[in-house]
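# Topology and contacts: notes
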Amino acid sequence: MDINEIQSNILDSLLPNPHGRLLLSPRVGKTKLIIELIKRDKPKSILWVTPSAKLAEEDIPNEFDKWKAKRYKKRLTTVTYASLNKITGHYSWIILDEDQCVTENALSTLFDKSLTYQNIIGMTGTDTTHADKQFLYSRLNLSVLVEYDINTAVSDQILSDYHIYVVDIPLDANKNILVKTKAGKTFYTSELNTYNYYNNKVETIKLYGGNMKRAALMRMKVIHKSNSKASVVKWLGAHLKGRSLIFAPTIKQIESITSNVYHSKTNKDAYNAFQENKINTLGLVESGGIGHTFTNLNNIILMQVDSDGTGRSTQKICRALLAEKDKFASIYIMRLVGTQDVNWVNSTLSSFDESKVSFLTLNDLIEHVKNQSSDL
């Protein structure tokens, strides 16, 4: 089944002026599908809400040109989620693009009725599991109209086949982290001790109360800043065959892992060089994780995933799943054993076929890399 047939089947399943959510795998062509729906049903006015200014100001209007819908641009208003609460009046259709980005504040004018509509279409390739988001959908009466998930897209060869390798990494017990107290004293501690300290705080607060948000945040920072993870990622990026994207939680970390980086504080030189096949490794933080297409990509290395409540981790993985001839993607996810990291990784894996997931120790990883195919 090709992409045009899939899109046609989805369109045929939707009643005129549909109201609800479309949960469609990345690479299915959500924007084109909505534009075809607009051409079919001819709404008098359209408010298209996007996560970023670039999408609102450039990409979405350009898509109307690309898919022969220029005449509907006169009916089109684009806005970001950050500015949606400034929009009032009436629109025939409201499109919530990447609807996992909705917040109560963004939707405030919808709830107070200063922004009205005939129907709303939400769409995303990565559904959110967050209860607060699901509550917002229910307030807008947005039920799921169509669901076409990642594994179906792989089966239909819309996405490349893949395998996910979860690399289990122990917390470092060596006391090599310098700590300065408020009293001016210093001492050395380890990743393991630091994690246990904040994890014990979280568990104590669960029982007796206290500032859970701060304790959980500090525990999360220990995981995100793990030098144990960073050293494995750096080694893996240097030894994998083929072309790789590496995602790290912070700019400092990704710059310690590779010199070819693209993030909010760089120009696009490394990004362009990677896209032109002049370099084989590109380091990223968040930029490049959503809405970017990478060809001839063999590997994704994720130093950190989150609970995937807004689909950010799944979106990063899907950068490697562009369907190409004889393409097979390898995804490597780092996981600190015995920590909250295990829960976050498991949550991300829930979107993927469990038969395509393997768990590796560090020794397993070394052996796996040695046995990699040399003909990538």
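Attention in this report is confined to the structure presented alongside it. (Residues numbered from 1 in each chain as written. Predicted model: local features only at pLDDT ≥ 70, side-chain atom pairs only at ≥ 80, totals over all residues. Heavy atoms only, no water.)

## Describing the sheet that holds strand S15 (residues 357-360)
- The strand order S11-S12-S10-S13-S14-S7-S15 describes an open sheet built from seven strands, whose pairing is parallel. Both outer strands of the open sheet, strand S11 (261-262) and S15, are each paired with one neighbouring strand and no more.
- With four bridges joining them, strand S7 (residues 161-169) and S15 adopt parallel strand pairing. Pairing of Val167 across the sheet is with Leu360, part of S15. (Pairing = 2+ DSSP bridges. Helix = DSSP H or I, 4+ residues; strand = E, 2+ residues; numbered from the N terminus.)

## What about the sheet that holds strand S6 (residues 144-148)?
- Spatially, six strands are ordered S3-S2-S4-S5-S1-S6 in an open sheet, and the strand pairing comes out parallel. The open sheet has two free edges, formed respectively by strand S3 (76-80) and S6, since each of these has just one partner strand. Recorded for the sheet is a direction-independent mean angle of 20° between the axes of neighbouring strands.
- Two strands pair when backbone bridges link them, and strand S2 (residues 46-50) and strand S4 (residues 89-97) are joined in this way by four bridges, in the parallel orientation. Residue pairing across strands places Val49 opposite Leu96, the latter belonging to S4. (Axes fitted to C-alpha atoms, helices over the stretch in contact; angles between N-to-C directions.)

## Focus: the environment of Asn141
- Mapped onto the elements of the fold, Asn141 is located in the loop between helix H5 (131-139) and S6.
- The exposed category is assigned to Asn141, whose relative accessible area is 56%.
- Through-space distance from the C-alpha of Asn141 to that of Ile120 is 9.3 Å; in sequence the pair is 21 residues apart. (Buried < 20%, exposed > 50% of the residue type's maximum accessible area, 1.4 Å probe, protein only.)

Geometry only, nothing functional implied.
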